[in-house]
Amino acid sequence: MRFGALTLESNLFLSPLAGYTNLPFRLVLREIGGVGLCTTDLVNARSLLEQRAKAFKLIETRPADSPLAVQLFGSVPEEMRDAALVAEAHGAASVDINMGCPVRKVCNVGGGSAMMTELNKTAALVRGMVKAVKIPVTAKMRLGWDADNLTAPDLARALEDAGVAAVFVHGRTREQGFGGTVNLAGIRSVVAAVKSIPVIGNGDIVTPQAARTMLDETGCAGVSIGRGAFYNPWIFRHTLACLQSEGSGQVPPEPSFAERVRVMSRHLDLMIEVFGEELGCRMFRKIAPWHAKRFGPSSEFNKRVVLLSSQAQFQEILHHYLQWRTQFLDASGELSPRYCPPPMVASFMQAPKTAAEPGCNADEPAVVPRHIPVPRGPVEVW
Ligand SMILES: Cc1cc2nc3c(=O)[nH]c(=O)nc-3n(C[C@H](O)[C@H](O)[C@H](O)COP(=O)(O)O)c2cc1C
């Protein structure tokens, strides 16, 4: 798909998840395939200008991690402009602006005029960035503050006039947090509001079918996936295959358990390569349980991996877990269907009637599908 001057290999995007969408995770996803553009965690523009090591670690990249969008956060126009120049000089293919929600509760009092003041200010900031860099500038927003203030269509239109190359819209209001249902009609109204830039829909995409539904029902040009990629790093590859299957909805088979373990181990290797053994292992304590969510019973693994401090210890934990897990296998060495994890279902999709995961026996008693959990992080910010 076209994205400003960029041509992307797919219309599938990795959403920023602060604390998680770092270089190792992005490399893991890219090795599996299917993702068109990955985004860094949110980076404070001022920290980048102050040359803080932590900010530069967030934008660390390498040729295999391309194309990459750097997401910036800040409200001072000059700082945002200069930070965009730093990101560009650092090899970013695009710069994304974290907009959260433009409308503060206090704006309700001032009504529309206060909102427009905010929009004008935001548009001016964006204009300064667009003028300064050659790479595309994009913006990520929610639908608005609450159901009575769905400002995203107006904001998207103002930003398009200011020169953004695309907008990303999480189909919830700020008031919703991560609860309730992703509002596909709300995303559709943003698509209708802009003239020609792509709108990328976001929120709760946990299966290829959910991606297809969001594309079909909103008319958005692409979808961005956050937690779903963390839960299932194969989601981009499978979604791309599903979208390319010309209506048949064919999805490649689920990866084997051995492949899941290989990818998890690769993720740890990259964490150690990028962050060093001590910090990489410490950070992996909260990542490994997400990989394990699809292993079947994993309490014994999770209990130990939260104390991880070295690569050697990881091998021991894995060895112990593989032995412990044998009690849940059937005669052919596969996980018994009753231990298969229940499928995830997007808030805007109907729960499947037979609820076993692909690869498990659909004749087994139905399992209740789950909504995707929210990983730990300062989520009130987005
Ligand atoms: C732990 C966590 C961290 C997040 N960090 C960011 C961030 O840095 N920047 C941002 O724009 N959105 C951030 N988000 C929001 C996601 O990018 C995304 O919009 C949201 O999770 C909905 O998409 P999903 O259902 O595919 O996860 C974060 C969400 C979570 C749960």
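Structural data are supplied above this passage.
The structure contained in this document is the topic of the report that follows. (Residues numbered from 1 in each chain as written. Predicted model: local features only at pLDDT ≥ 70, side-chain atom pairs only at ≥ 80, totals over all residues. Heavy atoms only, no water.)

Once that is clear, we can look at the packing of helix H11 (residues 257-275) against helix H12 (residues 277-284). Across the interface, H11 lies against H12 with an axial gap of 7 Å and an inter-helix angle of 135 degrees. Between H11 and H12, the angle falls in the class oblique. For the element pair H11 and H12, the recorded crossing hand is right-handed. Together, Met-264, His-267, Leu-268, Met-271, Ile-272 and Phe-275 of H11 and Glu-277, Leu-279, Gly-280, Cys-281, Met-283 and Phe-284 of H12 make up the contact between the two elements. A class-by-class count of the residues in the contact of H11 with H12 yields nine nonpolar, two polar and one charged. (Axes fitted to C-alpha atoms, helices over the stretch in contact; angles between N-to-C directions. Helix = DSSP H or I, 4+ residues; strand = E, 2+ residues; numbered from the N terminus. Parallel < 35°, antiparallel > 145°, perpendicular 65-115°, else oblique. Left-handed = near helix turned anticlockwise from the far one by under 90°. Contact = heavy atoms within 4.5 Å. Nonpolar A, V, L, I, M, F, W, Y, C, P; charged D, E, K, R; others polar.)

Overall, the coordinates contain 18 salt bridges when judged by the stated rule. The shortest N-O distance in the salt bridge between Arg-62 and Glu-273 comes to 3.0 Å. Here Arg-62 is found in the loop between helix H3 (53-58) and strand E5 (68-73), whereas its partner Glu-273 is found in helix H11, with 211 residues between them in sequence. Its relative accessible area of 30% is what places Arg-62 among the partly exposed residues. (Salt bridge = Lys/Arg side-chain N within 4 Å of Asp/Glu carboxyl O. Buried < 20%, exposed > 50% of the residue type's maximum accessible area, 1.4 Å probe, protein only.)

Within the sequence span of helix H10 (residues 235-244), burial applies to Ile-235, Phe-236, His-238, Thr-239, Leu-240 and Cys-242. Where H10 is buried, its residues touch strand E3 (12-14), helix H1 (23-32), helix H8 (208-218), strand E10 (222-225) and helix H9 (227-231). The first or second residue beyond H10 is Glu-246, which carries a positive phi of 50 degrees.

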